[in-house]
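Tertiary structure, described
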Amino acid sequence: MGENDARRIRLLLLDFDGTLADTRRANTLAYVAALGEAGYNLTEEEYAANYFGMRCEEFLTRFGIADPAERERLRLRKIALYPTFFDTVRLNRPLWEFCCQFRREGGRVWVVSTGSRANIDNVMRYLGIGGPETPESEAPLGRVDGILSGLDIEHAKPAPDCFLEAMRREGCTPQQTLIFEDSPIGIEAARRSGAGYFVVKL
């Protein structure tokens, strides 16, 4: 393998929420609804300003819910409520079309997110895109080659572990990888990984 091959971009790593898909309002409304059912007062504005982009466990802990069983119950309820707000979700079509072209030319594309796998799978299904195991009939707009979600990695963003693990699984170096991110913690994780990265604004 020559120097040009070693430096050629072979792998795209996409954050999901806020990067590949605009899920901000759906995520926010699902948390507001789940917490409201349980008697907790959370506004859209408060969540967006203080908690957006955090893993569910970290968010609920910082919000003040100390009981692990209560946090887990709320996490599962949020997942259950999430699809009722999918009418507010939008696919980042320019980025997705770029990824599809990249795959047609032999590149690999992964979703790398701190979100829950159930949430990611549900939104992808709604949008018409899929993971590597998704039948083509259920992914009319195409598929990604892999998905890493929050529970797959011990150290969440801003640690670079999730990006480095995806590179490891694909046999790619940081110099062969491009990352797309939107949140400050995700951008910091991308920077620490050593790969090139783009900041996405939806």
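Placed above this text is the structure.
Keep in mind that this is a model prediction, so the values were computed, not measured.

1. Quick word on the environment of Leu42
- By secondary structure assignment, the location of Leu42 is in the loop between α2 (24-37) and α3 (44-50).
- Of the residues examined, Leu42 reaches a relative accessible area of 5% and is grouped as buried.
- In this structure the C-alpha to C-alpha distance between Leu42 and Leu29, which are 13 residues apart in sequence, comes to 9.8 Å.

2. Some points on the packing of helix α8 (residues 161-170) against helix α9 (residues 184-193)
- For the pair α8 and α9, interaxial distance at closest approach is 8 Å and the crossing angle is 50°. For the element pair α8 / α9, the angle class is oblique. Where α8 abuts α9, its residues Phe163, Leu164 and Met167 lie against Gly186, Ala189, Ala190 and Ser193.
- Taken together, the residues of the contact of α8 with α9 sort by class into five nonpolar, two polar and no charged.

3. Quick word on unusual backbone geometry
- At the junction of Lys157 and Pro158, the peptide bond is cis and its omega measures out at 20° in the coordinates.
- Structurally, Pro158 can be placed in the loop between β5 (146-148) and α8.

4. Re the sheet that holds strand β7 (residues 196-199)
- Spatial ordering of the open sheet is given by β5-β4-β1-β6-β7, a layout of five strands whose pairing is parallel. Each having just a single partner strand, β5 and β7 make up the two edges of the open sheet. Strand-to-strand twist in this sheet, taken as the mean axis angle between neighbours without regard to direction, amounts to 20°.
- Summarising the sheet, strand β4 (residues 108-112) and β5 pair through three bridges and their orientation is parallel. Within the sheet, the bridge partner assigned to Val112 lies in β5 and is Leu148.

5. Quick look at helix α7 (residues 117-127)
- Listing the buried residues of α7 in full gives Asn119, Ile120, Val123, Met124 and Leu127. One face of α7 carries all of its buried residues, which in axial projection span an arc of 125°.
- Gly128 sits one or two residues past α7 and shows a positive phi near 90°.

6. Brief notes about the nonpolar core
- Counting residues in hydrophobic clusters, the biggest one holds 30 residues, and the most contacted among them are Phe16, Leu20 and Trp96.
- Sequence-distant contacts of Trp96, that is, excluding residues within four places in its chain, are made with Leu20, Leu91, Ile129, Leu141, Gly142, Arg143 and Val144.
- With 15 residues, the next largest nonpolar core counts Leu11, Trp110, Ile153 and Cys162 among its residues.

7. Re the pattern of salt bridges
- Enumeration over the complete set of coordinates arrives at 18 salt bridges.
- In this structure, Asp15 and Lys157 form a salt bridge, with 3.1 Å as the shortest nitrogen-oxygen distance. Of this pair, Asp15 sits in the loop between β1 (11-14) and β2 (21-22) while Lys157 is found in the loop between β5 and α8, placing the two residues 142 residues apart along the sequence.
- Assessed through its relative accessible area of 8%, Lys157 is described here as buried.
- One salt bridge in this structure joins Arg103 and Asp145, with 2.8 Å as the shortest N-O distance. Taken as a pair, Arg103 in helix α6 (residues 93-104) and Asp145 in the loop between α7 and β5 lie far apart in primary sequence, 42 residues in all.
- Each of Arg103, Arg108, Asp145 and Glu170 takes part in salt bridges that share partners, so that together they form one network.

Parameters and conventions
Residues numbered from 1 in each chain as written. Predicted model: local features only at pLDDT ≥ 70, side-chain atom pairs only at ≥ 80, totals over all residues. Heavy atoms only, no water. Helix = DSSP H or I, 4+ residues; strand = E, 2+ residues; numbered from the N terminus. Buried < 20%, exposed > 50% of the residue type's maximum accessible area, 1.4 Å probe, protein only. Axes fitted to C-alpha atoms, helices over the stretch in contact; angles between N-to-C directions. Parallel < 35°, antiparallel > 145°, perpendicular 65-115°, else oblique. Contact = heavy atoms within 4.5 Å. Nonpolar A, V, L, I, M, F, W, Y, C, P; charged D, E, K, R; others polar. Pairing = 2+ DSSP bridges. Arc of directions from axis to C-beta. Core = buried A, V, L, I, M, F, W, Y, C linked by side-chain atoms within 4.5 Å. Salt bridge = Lys/Arg side-chain N within 4 Å of Asp/Glu carboxyl O.

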